[in-house]
Amino acid sequence: MRFKYMPLWLLVLGTFLFSPLQASGTSTYLKPEHVHDVMKEILELHVSENSISKKIMQRALRVYIEQFDINRIYLLNNEVSEYWDASDSLLEKSIKDYKNQNFFVFEQLDTLFKESILRNRLMRPEAYQDALSEFSQKTKQDIIDRGFDRSYFSSSQEQLKARTAEDLIAFIFYQESLIDEPSGEKRKKIASLFEKHLFQLENNYLFVNEQGQQLSDQQQQHIALVRIAKSLAKSLDSHTAFYSPEEAYDLRVRLEKGFFGLGIILQESIDGIEITKIIEKSPADISGKLAIGDHLVSVDGQLVEKLSFRSVLDLIRGVEGSSIVLEVQHSEEKEFSKVHLKRGKVV
């Protein structure tokens, strides 16, 4: 059965959103021909662009690079310049490959991304040490006055390390604005949280799941093709976007102004995932068993400590009326408590 593409004809603030939706009995995993087909549909409907030109391919390569390294902490200028300012011959070859449903230039970039991630991980301990040492000597105004110019790629590994340190310092300032009585020990916890966030983002490019296991070849191809489709769609204009099937579902839920969950607002902090708000008349509110300041320990027996924040939210959502067990630590209590709830619609 042909993989069916169904554009989400949702004109949201002038933005056209396209997403491949699975036909009955087919997989949601993308294949190269699917990206080609959906781009063909987009181009047929686009006002000003009707084919992948050299201009569009150049934009797509830049979007692809920025999707990965928007803060310019991974890639060196001499590594990325041949793609950022691609030659006519590379663009022409990339267009020819695209027409043949091949994406070699993006695969080359993926290899570069992986190498830069591994390099960055090796230099980060020293960058963190520099950041924590420098932080005690700086005020917030010092950081603001210095500013972070990230309009260009770094020329050396030392500059990459310095930028990583700058980002950690900015992260510390933000996190300390949320906590009482900042200290050196808490700054180390903030650095650990910063590292956790980076690892989760990087693992998506290393094709590793949250348990550290390598994804299947089919899953790896799907993730890579979603990124390619996003960069190609965005290269047309700022109003066109490609959504994966998972993202499209989430979007529909949000547009319907409701989802089936518990009605708790969570925030990730140095002490874990904390309940910061309980929505009125939600299942959590009606039960009276949860309170602001409670820390989430597990969901249905699955510990949340090493999960991404998004994964925790996905665990909490579910079918209306379905049961869920949260293990929480109430404020000022050392013991954990299990709370049994049923999911309901949250508006």
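Please refer to the structure placed before this passage.
What you are looking at is a predicted structure, and each value in this text was computed from that prediction instead of being measured. (Residues numbered from 1 in each chain as written. Predicted model: local features only at pLDDT ≥ 70, side-chain atom pairs only at ≥ 80, totals over all residues. Heavy atoms only, no water.)

The helix and strand inventory of the chain stands at 12 helices and 11 strands. Going through the 347 residues of the chain one by one, you find that 45% of them count as buried. In the chain, of all internal contacts separated by at least 6 residues, the share reaching a separation of at least 24 is 65%. (Helix = DSSP H or I, 4+ residues; strand = E, 2+ residues; numbered from the N terminus. Buried < 20%, exposed > 50% of the residue type's maximum accessible area, 1.4 Å probe, protein only. Contact = heavy atoms within 4.5 Å.)

For the rest of this paragraph, the subject is the packing of helix H2 (residues 54-69) against helix H4 (residues 88-99). It is the contact of H2 with H4, at a shortest axis distance of 9 Å, that shows an interaxial angle of 90°. By the criterion of interaxial angle, the relationship of H2 to H4 is roughly perpendicular. Contacts from Lys54, Met57, Gln58 and Leu61 in H2 reach Asp88, Leu91, Glu92, Ser94, Ile95 and Tyr98 in H4. Split by residue class, the contact of H2 with H4 holds 5 nonpolar, 2 polar and 3 charged. (Axes fitted to C-alpha atoms, helices over the stretch in contact; angles between N-to-C directions. Parallel < 35°, antiparallel > 145°, perpendicular 65-115°, else oblique. Nonpolar A, V, L, I, M, F, W, Y, C, P; charged D, E, K, R; others polar.)

With the rule as written, the count across this model stands at 20 salt bridges. A salt bridge links glutamate 66 to arginine 72; its shortest N-O distance comes to 3.3 Å. Since its relative accessible area comes to 30%, glutamate 66 is described here as partly exposed. Of the charged contacts, one joins arginine 227 and aspartate 110 as a salt bridge, the two residues approaching to 3.8 Å between their closest N and O atoms. With arginine 227 in helix H9 (residues 217-234) and aspartate 110 in helix H5 (residues 104-135), the pair connects residues that are 117 residues apart, well separated along the chain. When salt bridges that share partners are traced, they join Arg121, Arg124, Glu195 and Glu202 into one network. (Salt bridge = Lys/Arg side-chain N within 4 Å of Asp/Glu carboxyl O.)

Before going further, it helps to spend a moment on the packing of aromatic side chains. Enumeration according to the criterion identifies 11 aromatic pairs in this entry. With a centroid separation of 4.2 Å and 20° between ring planes, the pair formed by phenylalanine 68 and phenylalanine 113 is classed as stacked. With phenylalanine 68 in helix H2 and phenylalanine 113 in helix H5, the pair connects residues that are 45 residues apart, well separated along the chain. For the pair formed by phenylalanine 68 and phenylalanine 113, the shared burial category is buried. An aromatic cluster of three or more residues is present, and its members are Tyr64, Phe68, Tyr74, Tyr98, Phe103, Phe106, Phe113 and Tyr205. Directly above the ring of tyrosine 205 sits arginine 227, whose terminal nitrogen or CZ lies 3.9 Å from the centroid. (Phe/Tyr/Trp six-rings, centres within 6.5 Å; stacked < 30°, edge-to-face > 60°. Lys NZ or Arg CZ within 6 Å of the ring centre and 35° of its normal.)

So, about the nonpolar core. Note that soluble globular proteins tend to have their nonpolar side chains buried in a common cluster. Judged by nonpolar contacts, the single largest core of 59 residues is most densely connected at Met39, Ile52, Ile65, Leu75, Phe106 and Leu232. Among the elements of the structure, helix H1 (32-45), H2, helix H3 (77-84), H4, H5, helix H7 (157-176), helix H8 (184-206) and H9 are those that each provide at least two residues to this core. Among the elements that make up this core, the one with the highest residue count is H5 (9 residues). Setting aside anything within four residues of it in sequence, one finds isoleucine 52 in contact with Met39, Leu43, Met57, Ile95, Tyr98 and Leu232. (Core = buried A, V, L, I, M, F, W, Y, C linked by side-chain atoms within 4.5 Å.)

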